[in-house]
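Listed below are the residues making up each chain.
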Amino acid sequence: MKEEICKIKMALVEKLGVHLEDREQLAPVAARILAYIILTGKKGVTFEDMVTILCASKSTISTHLNHLQDLHKIVYFTKTGDRKKYFIINKGMVLQHIDNMIHKWKEEREMHLEIKNYKETINRNKIENESEKFDLNFHDDYIKFIDGATSSVEELKLKLDNNKFDI
């Protein structure tokens, strides 16, 4: 059973790694390191574990760990009597990602409002034939969707801010 979970985890590290490469604009190894840290959780991952499990050289792992720390995507903690560093996801990175999503959605919402207002003006002042008028339902529904998604993500952010759960 333990071996099967390990296979599933490594397949997910690869899948999440590909996603993070694109979303975060990371090098492949850095993305796999971040994915592995995310999937390991709050117990943390040691440098030695990453070298062994991700099958990369010490210098490669070290370079990418330093880069991820510089980007504030990961942090580390130590344990009393243990000189190893245990790397975990930086909660601030998640909050920053949420802020970026909300910002993009608000920009998109404003654009849809402007387009809708323009189309309403054209419908009122330029187009006499009802069949040629712009249908505004898409914009109404899309703005409603963005408002709902933004509200849900803001609620998630509030829970993270108030330490309602760990990442």
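Residues numbered from 1 in each chain as written. Predicted model: local features only at pLDDT ≥ 70, side-chain atom pairs only at ≥ 80, totals over all residues. Heavy atoms only, no water.

1. Notes on the pattern of salt bridges
Now for step 1: Tallied over the entire structure, the rule returns 13 salt bridges.
Now for step 2: The partner of Glu 3 in a salt bridge is Lys 7, with the nearest N and O atoms 4.0 Å apart. In this pair, Glu 3 and Lys 7 both sit in helix H1 (residues 2-24), four residues apart, roughly one turn of the helix. Both residues of the pair, Glu 3 and Lys 7, count as exposed.
Now for step 3: When the shortest N-O distance is used, the salt bridge between Asp 147 and Arg 109 registers 2.5 Å. Of the two residues, Asp 147 is situated in helix H6 (residues 137-161) and Arg 109 in helix H5 (residues 91-125); the sequence distance between them amounts to 38 residues. (Salt bridge = Lys/Arg side-chain N within 4 Å of Asp/Glu carboxyl O. Helix = DSSP H or I, 4+ residues; strand = E, 2+ residues; numbered from the N terminus. Buried < 20%, exposed > 50% of the residue type's maximum accessible area, 1.4 Å probe, protein only.)

2. Observations concerning the pairing of strand E1 (residues 74-79)
Now for step 1: Sheet topology places E1 next to strand E2 (residues 82-89); six bridges connect them, and they run antiparallel. Looking across to E2, one finds that Phe 77 is bridged to Tyr 86.
Now for step 2: Following E1, the chain reverses through two residues before pairing antiparallel with E2; Gly 81 in that reversal takes a positive phi of roughly 80°. (Pairing = 2+ DSSP bridges.)

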